[in-house]
Amino acid sequence: MDWNFATTLIGSLPFANSIDSVDITLDGRVACPSWPQLPTRGINESMYVQTGAYLPGLKIDGDKIIVDLNDYDPTEAYTAILSDDIDHFIHPPELYEGMYEFLNRDLSKYDAVKGQVTGPISEGLQILDKNSRPVIYDESYSEIVRKTVNMMAKWQARRLSMSNNNVIIFFDEPSLSILGTPFASISDDQARAWINESMDGVDAFRGIHCCGNTNWAMILSTDIDILSFDAYNYGDNLLMYPDELTDFLSKGKCIAWGIIPNSDDSVSKETVDTIVARLESLFDKMEEKGINRKKVAHQSMITPQCGLSGLTEENAKKVFDLLDGVSKEMKRRYGF
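A brief structural summary. Source: prediction; values computed, not measured.

1. Section: the pairing of strand 3 (residues 64-67)
Inference 1: Two elements, strand 2 (residues 58-61) and strand 3, share four bridges in a ladder whose sense is antiparallel. Note that in strand 3 the partner of K59 across the bridge is I66.
Inference 2: Counted along the chain from strand 2 to the antiparallel partner strand 3, the turn is two residues long, and its residue G62 has a positive phi close to 65°.
Inference 3: Where strand 3 and strand 5 (residues 127-128) come together, two bridges link them in parallel fashion. The residue of strand 5 that forms the bridge with I65 is I127.

Structure, rendered in structure tokens:
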């Protein structure tokens, strides 16, 4: 599919009111809107709590999400997973107020609609056992995490497809930026296998979003359809892998350029013209590496760097304007 600089969001917004959040999301500035996560409402709207809604033994302790690996019953989870009971993973309304408000609207006119789950690496690293050790290092529980992520993504993709024929599901993986460090002793082969396992059978355009730097060659070799990354800070890092990028694009896959900043300081100083110049500079460098510029343009989306929950409400609204303006200018330049 040619995306031609279509716009989408990463997920979180700084607003507490779900109606206002969806109103803004659907006001026409975003071609492929996503349901809003609302973390300012509390930990229940945390991406880790949302995706972990059906993980056995999960408890919230202050700002930590923990499980006692010596005291949990996996029977219900395994039964639902092994029987492919997608309905078991219906998203709880008390954790997904933004999503259900989104689904109450007419979404049929948009190019696509987008949902998001937390990817298996980040989910497994952020949930801790009683000794503050990430559960990803427990073989049995890590498998439950991966299978649960997969089933949550399947349910969400199916539900969103009732509102729009084109569905995007991003697997949000901020923790990919610490792979290869002492904070995440996970090999590239493990990460690749776990990501693919969690995406398997999800009937949607499947994307990975990482808002830090990582081993982009490994990510590009997974089964994703869309790579979403922080191009504002790490665009040059991705371009260090021209062969992998060429192969990725040759398969018709998409790069979602997180070129719109998501910090108050950066948002206040940037304009459509400055951001377009930044993106065109990256396109220049790709062309110098032998990557066809027009092909890249056809297979590009425009997004913010990451979620917008850390912004003031005023600057979050400016991000929507920048997103729309940059997309329109890039479309004009490339004849879309």
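Moving on, there is more to tell.
2. Some points on the sheet that holds strand 10 (residues 300-304)
Inference 1: With respect to topology, seven strands assemble into an open sheet ordered 1-10-9-8-7-6-4, the strand pairing being parallel. Whereas interior strands pair on both sides, the edge strands pair on one side only; in this sheet they are strand 1 (6-7) and strand 4 (113-118).
Inference 2: Where strand 9 (residues 254-260) meets strand 10, five bridges bridge the pair, whose relative direction is parallel. Paired with A256 across the strands is M301, a residue of strand 10.

3. Brief notes about the nonpolar core
Inference 1: If you look at the biggest cluster of nonpolar residues, it comprises 97 residues, and the most contacted ones within it are I121, I169 and W257.
Inference 2: Per element, the largest residue contribution to this core is 10 residues, and it comes from helix 6 (residues 139-161).
Inference 3: Among all residues touching I121, those that are not within four sequence positions of it are I136, E173, L176, L179, I186, A191, W194 and I195.

4. Focus: the side chain of S12
Inference 1: By the secondary structure assignment, S12 is in the loop between strand 1 and helix 1 (18-25).
Inference 2: At 3.4 Å, the side chain of S12 forms a polar contact with the side chain of S309.

5. Notes on the packing of aromatic side chains
Inference 1: Overall, the coordinates contain 12 aromatic pairs when judged by the stated rule.
Inference 2: Between W3 and F205 the ring centres are 5.2 Å apart and the planes differ by 80°, which places this aromatic pair in the edge-to-face class. Residue W3 is found in the segment before strand 1, and its partner F205 is found in strand 7 (residues 205-210); the two are separated by 202 residues along the sequence.
Inference 3: Note on W3: relative accessible area 5%, which makes it buried.
Inference 4: Residue placement shows R278 over the ring face of Y232; its charged tip is 3.9 Å from the ring centre.

6. Quick notes on helix 12 (residues 272-288)
Inference 1: With 17 residues, helix 12 should cover 24 Å at 1.5 Å per step; its first-to-last C-alpha distance of 24 Å lies within 8% of that length.
Inference 2: Regarding helix 12, the residues found buried are I275, V276, L279, E280, L282, F283 and M286. Here the buried residues of helix 12 occupy an arc of 155° about the axis, which is enough to place them on one side. For helix 12, exposure combined with an orientation more than 90 degrees from the buried face picks out D273 and E288.

7. What to know about unusual backbone geometry
Inference 1: Phi is positive for N4, which is not a glycine, with a value near 50°.
Inference 2: Tracing the chain through its elements places N4 in the segment before strand 1.
Inference 3: By relative accessible area, which is 19% here, N4 ends up buried.
Inference 4: Residue S132 is not a glycine yet carries a positive backbone phi of 65°.
Inference 5: Note on placement: S132 falls in the loop between strand 5 and helix 6.

8. Quick look at the pairing of strand 8 (residues 226-229)
Within a regular strand, side chains alternate between the sheet's two faces.
Inference 1: Of the two faces of strand 8, the one carrying I226 and S228 and the one carrying L227 and F229 are both buried.
Inference 2: Relative to strand 8, strand 7 is paired through four bridges, and the arrangement is parallel. Along strand 8, the bridge assignment pairs I208 with L227.
Inference 3: As judged from the four bridges shared by strand 8 and strand 9, these two strands associate in the parallel manner. Bridge pairing in strand 9 places L227 opposite I255.

9. So, the environment of K294
Inference 1: Here K294 is to be found in helix 13 (residues 293-298).
Inference 2: For the pair K294 and N4, spaced 290 residues apart in sequence, the C-alpha separation works out to 9.7 Å.
Inference 3: With near-sequence residues (within four places) excluded, K294 lies in contact with Y334 and F336.
Inference 4: In this structure the side chain of K294 is engaged in a polar contact, spanning 3.2 Å, whose partner is the backbone oxygen of Y334.

Calculation rules
Residue positions are given per chain, counted from 1 along the sequence in the order it is written. Only residues with pLDDT of at least 70 are given local features in this predicted model, and only at 80 or more are side-chain atom pairs given and counted; all residues enter the totals for whole chains, interfaces and linings. Each side-chain value is worked out from all heavy atoms of the structure, with water and hydrogens disregarded. Strands are labelled as partners when DSSP assigns at least two bridges between them. Helix numbers and strand numbers start at the N terminus; a helix is a DSSP run of H or I with at least 4 residues, a strand a run of E with at least 2. In this description, a nonpolar core means a group of buried Ala, Val, Leu, Ile, Met, Phe, Trp, Tyr and Cys residues linked to one another through side-chain atoms lying within 4.5 Å. The rule is simple: take the accessible area with a 1.4 Å probe, protein chains only, and divide by the maximum for that residue type; under 20% is buried, over 50% is exposed, in between is partly exposed. We call two residues in contact when some of their heavy atoms are within 4.5 Å. Think of a polar contact as two N or O atoms within 3.5 Å of one another; within protein, one of them needs to be a possible hydrogen donor and the other a possible acceptor, and neighboring residues in sequence only count if both atoms come from side chains. For this analysis, a ring pair means two rings from Phe, Tyr or Trp (six-membered ring only for Trp) whose centres lie within 6.5 Å, classed as stacked if their planes differ by under 30 degrees, edge-to-face if by over 60, and tilted for the remaining angles. The criterion is that NZ of a Lys, or CZ of an Arg, lies within 6 Å of the ring centre and within 35 degrees of the ring normal, and then a charge sits over that ring. Take the residue count of a helix, subtract one, and multiply by 1.5 Å to get its expected span. Picture the helix axis, draw a direction to every C-beta atom, and the arc is the one those directions span.

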